[in-house]
Amino acid sequence: MLDKAYIFLIIGMGLVTYLPRLIPLLILSSYNLPKWLLEGLDLIPVAILSAILVPLLVTTGAPGQIDLFRPELLVAIPTFLFALKTRSISGTIVLGMLL
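These numbers were taken from a predicted model, which means no experiment stands behind them.

(A) Looking closely at the overall build of the protein. A count of helices and strands for the protein gives 5 helices and 2 strands. Ordered by position from the N terminus, the helices and strands of the protein form the series α-α-α-β-β-α-α. In terms of overall size, the protein is more extended than a compact globule, its C-alpha atoms giving a radius of gyration of 21 Å where 99 residues would be expected to give roughly 13 Å. For the protein, the C-alpha atoms occupy an extent of roughly 50 × 45 × 30 Å along the three principal directions. For the protein, the residues scored as buried account for 7% of the 99 residues in total. Considering only intrachain contacts with a sequence separation of at least 6, the fraction spanning at least 24 residues in the protein is 3%. Within the protein, one finds 6 positive and 5 negative side-chain charges whose respective centroids are separated by 7 Å.

(B) Expanded view of the environment of Ile93. Within the element layout of this structure, Ile93 appears in helix α5 (residues 89–98). Exposure remark for Ile93: the relative accessible area of 48% places this residue in the partly exposed category. When the C-alpha atoms of Ile93 and Ala83 are compared, they prove to be 9.0 Å apart, with 10 residues separating the residues in sequence.

(C) The side chain of Arg70, seen in detail. When you line up the elements, Arg70 lands in the loop between β2 (65–66) and α4 (71–86). Polar side-chain contacts of Arg70 include one of 2.2 Å to the backbone oxygen of Thr59. Within polar-contact distance, the side chain of Arg70 engages the side chain of Glu72 at 3.2 Å. Residues in contact with Arg70, not counting those within four places in the same chain, are Leu56, Leu57, Val58, Thr59 and Thr60.

(D) Summary view of the environment of Leu28. One can find Leu28 in helix α1 (residues 4–28). Sequence separation of Leu28 and Pro71 is 43 residues, and the distance between their C-alpha atoms is 44 Å.

(E) The pattern of salt bridges, seen in detail. Here the structure, examined in full by the defined rule, presents 2 salt bridges. Two residues, Glu39 and Lys35, come together in a salt bridge whose shortest N-O distance is 4.0 Å. With Glu39 and Lys35 both in helix α2 (residues 35–42), this residue pair falls 4 residues apart, about one helical turn. A relative accessible area of 44% means that Glu39 is categorised as partly exposed. A salt bridge links Arg70 to Glu72; the nearest nitrogen and oxygen atoms lie 3.2 Å apart.

(F) Highlighting unusual backbone geometry. Residue Arg87 is not a glycine yet carries a positive backbone phi of 60°. One can find Arg87 in the loop between α4 and α5.

(G) Quick peek at the packing of α4 against α5. At a closest axis distance of 9 Å, the pairing of α4 and α5 adopts a crossing angle of 160°. Relative to α5, α4 is oriented roughly antiparallel. In terms of crossing hand, the pair formed by α4 and α5 is right-handed. Contact with α4, carried on its side by Val75, Pro78, Thr79, Phe82 and Ala83, involves Gly91, Thr92, Leu95 and Gly96 of α5 and no other residues of that element. Taken together, the residues of the contact of α4 with α5 sort by class into 5 nonpolar, 4 polar and no charged.

Parameters and conventions
- Counting restarts for each chain, with residues numbered from 1 along the sequence as it is written.
- Local features in this predicted model are restricted to residues whose pLDDT is 70 or higher, and side-chain atom pairs enter the listing and the counts only when it is 80 or higher, whereas totals over whole chains, interfaces and linings include all residues.
- Water and hydrogen atoms play no part in the side-chain values, which are based on all heavy atoms of the structure.
- Secondary structure counts use DSSP, requiring at least four H or I residues in a row for a helix and at least two E residues in a row for a strand, with both numbered from the N terminus.
- The reference for a compact globule is 2.2 Å times residues^0.38; the radius of gyration itself is calculated from the C-alpha atoms.
- Here's how the labels work: a residue is buried when its accessible area is under 20% of the maximum for its type, exposed when over 50%, partly exposed in between, all with a 1.4 Å probe on protein chains only.
- Note on contacts: a residue pair qualifies if any of its non-hydrogen atoms lie within 4.5 Å across the two residues.
- Positive: Lys, Arg. Negative: Asp, Glu. His and the chain ends are not part of the count.
- For the purpose of locating charges, the reference atoms are NZ of Lys, CZ of Arg, CG of Asp and CD of Glu.
- In protein, a polar contact means a hydrogen-donor-capable atom and an acceptor-capable atom, both N or O and within 3.5 Å, with residues adjacent in sequence counting only if both atoms are side-chain atoms; elsewhere, any N or O pair within 3.5 Å suffices.
- By definition, a salt bridge exists where a carboxyl oxygen of Asp or Glu is found within 4 Å of a side-chain nitrogen of Lys or Arg.
- In this description, a line fitted to the C-alpha atoms serves as the axis of each element, helices being fitted only across the stretch in contact, and the angle between N-to-C directions of two axes falls anywhere from 0 to 180 degrees.
- Each angle receives one of four descriptions, namely roughly parallel if under 35 degrees, roughly antiparallel if over 145, roughly perpendicular if within 65 to 115, and oblique otherwise.
- A crossing counts as left-handed when the near helix is turned anticlockwise from the far one by less than a right angle, and as right-handed when that turn is clockwise.
- Residue type decides the class: Asp, Glu, Lys and Arg count as charged, Ala, Val, Leu, Ile, Met, Phe, Trp, Tyr, Cys and Pro as nonpolar, and the leftover types, Gly among them, as polar.

Quick look at the structure:
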């Protein structure tokens with residue numbers, strides 16, 4: 001059976017995860033945000049994904065030397081173009097796995 005400490009730990013982790021999302025939602029839901037801000041917020045997921053993927057695709061080694069002929073990059077380019085053209089998530093995943 002779980003100790004009380006574990007239960008408090010799990011509840012605490014849930015609060016730490018949930019509250020930073022809930023508080024801005026509650027505060028900003030009563031305001032009409034400008035259109036330019038909403039459009040900028042829509043770009044945040046793309047920027048985060050790019051910041052994660054680009055270094056993995058174009059750098060190699062410990063000092064992070066640029067290598068444009070990595071196999072991962074050579075697979076990512078046609079997969080990205082397919083995703084842009086078709087807008088199919090499942091098709092993109094299948095193509096990336098096949099390549």
